[in-house]
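A structural walkthrough
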Amino acid sequence: MPYLNQLLPMVHVVLVDPVPEARATAAKALGTLVERLGETHFPDLVPGLLRTLKTDTSGVDRQGAAQGLSEVLAGLGMERMEGLLPDIIANAQSPRSTVREGFMSLLVFLPATFGTRFQPHLPKIIPPILSGLSDSEDYVRDAAMRAGRMIVTNYSTKAIDLLLPELERGMFDSGWRIRVRIESADVTNYSWRHSNHPLRLSGSCFSKYPVLAARRRSKRTKRLPIPQWRKLHVVP
């Protein structure tokens, strides 16, 4: 590949572009190159992307690296991804907030990139994602929220059994951040609305998840009538 040394730097530039669509195109280009040519032609590609995820650069750089790495791992196959997954999960709970955000962003893209092949690994990534919801940094919590929503979007039937019980427990968690995050972001309703779980379709979910039942009852509560003195009077 005589032009590879000229092509790769240009792809890396687009990979950290502020426009999400541009980053997505560059990430897919990297994945296709690695899939067709093999990792031997890109010996520093995966280590370099992992280093970017650990840097204190801008969040756009880390998101671009996360999206690029997910496409590259998809091109290399399941075995390569499974070999890195323990380190990915460990770094998603790193003491450094920028590292947590970078690898949490990787958990946003991996489920979408691998599709159904990633489903057996869902139980491994649910705990760090739920832990991220109570993180002290806003950008880490936002990345964890995106990761949770991506799981629900791609694995609705499987994710509902994994996510909802944990979210129900999280509503009574001792950490106030996770309680506020779950309620204010309405994660439970999002996951339930975006699923086709049989319990949802039959309506029996509310007997299985008491918190959902309580929330449903509260929404059915009739509003008190508006006092007469607060009603607007239109002058004819």
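**What about the overall build of the protein?**
Regarding its fold elements, the protein presents 14 helices and zero strands. Its helices and strands taken in sequence order, the protein reads α-α-α-α-α-α-α-α-α-α-α-α-α-α from the N to the C terminus. The buried share of the protein, taken over its 236 residues, is 44%. Long-range contacts, defined here as pairs at least 24 residues apart, represent 67% of the contacts in the protein between residues at least 6 apart. As displayed, the protein offers around 13,000 Å² of accessible surface, 57% of which is attributable to carbon and sulfur atoms.

**Some details on the environment of D138**
Relative to the elements of secondary structure, D138 occurs in helix α8 (residues 138-154). Put simply, D138 and S97 are 41 residues apart on the chain and 9.9 Å apart in space, counted from C-alpha to C-alpha.

**Thoughts on the nonpolar core**
One finds F118 and I125 to be the most contacted residues of the largest nonpolar core, which totals 49 residues. In terms of residue count, helix α6 (residues 97-114) provides more of this core than any other element does, eight residues in total. Contacts of F118, omitting those with residues within four sequence positions, involve M81, L85, L110, P111, I125 and Y155.

**Considering helix α5 (residues 78-91)**
With 14 residues, α5 should cover 20 Å at 1.5 Å per step; its first-to-last C-alpha distance of 20 Å lies within 8% of that length. Where α5 bends most, at L84, the angle is about 40°, and the proline P86 comes one to four residues later. Residues of α5 that are buried sit in contact with α3 (45-53), α4 (59-76), α6 and α7 (122-132).

**Overview of the packing of aromatic side chains**
By the definition in use, this model includes one aromatic pair. Look at F114 and F118: their rings are 6.4 Å apart centre to centre, the planes differ by 40°, and that puts the pair in the tilted class. Take F114 and F118: they sit in the same class, and that class is buried.

**Observations concerning the confidence of the model for the protein**
The predicted model of the protein averages 78 in pLDDT, with 70% of residues at 70 or higher. Note that pLDDT drops below 50 for residues 219-224; the model gives that stretch one contact with residues more than four away or on any other chain. Here residues 229-236 is modelled with pLDDT under 50, and outside its nearest four sequence neighbours on either side it reaches two contacts, counting other chains as well.

**A closer look at the side chain of D135**
As for its placement among the helices and strands, D135 is situated in the loop between α7 and α8. A relative accessible area of 10% places D135 in the buried class.

**Quick look at the pattern of salt bridges**
Taken as a whole and assessed by the stated rule, the structure comprises seven salt bridges. Taking the shortest distance from any N to any O, the salt bridge between D56 and R96 comes out at 3.1 Å. One end of the pair, D56, is in the loop between α3 and α4; the other, R96, is in the loop between α5 and α6, and 40 residues separate them in sequence. Residue classification places R96 among the partly exposed positions, given a relative accessible area of 41%. As a salt-bridge pair, R62 and E101 come within 2.6 Å of each other at their nearest N and O atoms. Of this pair, R62 sits in helix α4 while E101 is found in helix α6, placing the two residues 39 residues apart along the sequence. Here R62 falls in the buried class, since its relative accessible area comes to 5%.

The rules behind these values
Residues numbered from 1 in each chain as written. Predicted model: local features only at pLDDT ≥ 70, side-chain atom pairs only at ≥ 80, totals over all residues. Heavy atoms only, no water. Helix = DSSP H or I, 4+ residues; strand = E, 2+ residues; numbered from the N terminus. Buried < 20%, exposed > 50% of the residue type's maximum accessible area, 1.4 Å probe, protein only. Contact = heavy atoms within 4.5 Å. Areas by Shrake-Rupley, 256 points an atom, 1.4 Å probe, with all protein chains shown as cover. Core = buried A, V, L, I, M, F, W, Y, C linked by side-chain atoms within 4.5 Å. Expected span 1.5 Å × (residues − 1). Bend = angle between axes of the 7 residues up to and from the residue. Phe/Tyr/Trp six-rings, centres within 6.5 Å; stacked < 30°, edge-to-face > 60°. pLDDT = per-residue confidence, 0-100. Salt bridge = Lys/Arg side-chain N within 4 Å of Asp/Glu carboxyl O.

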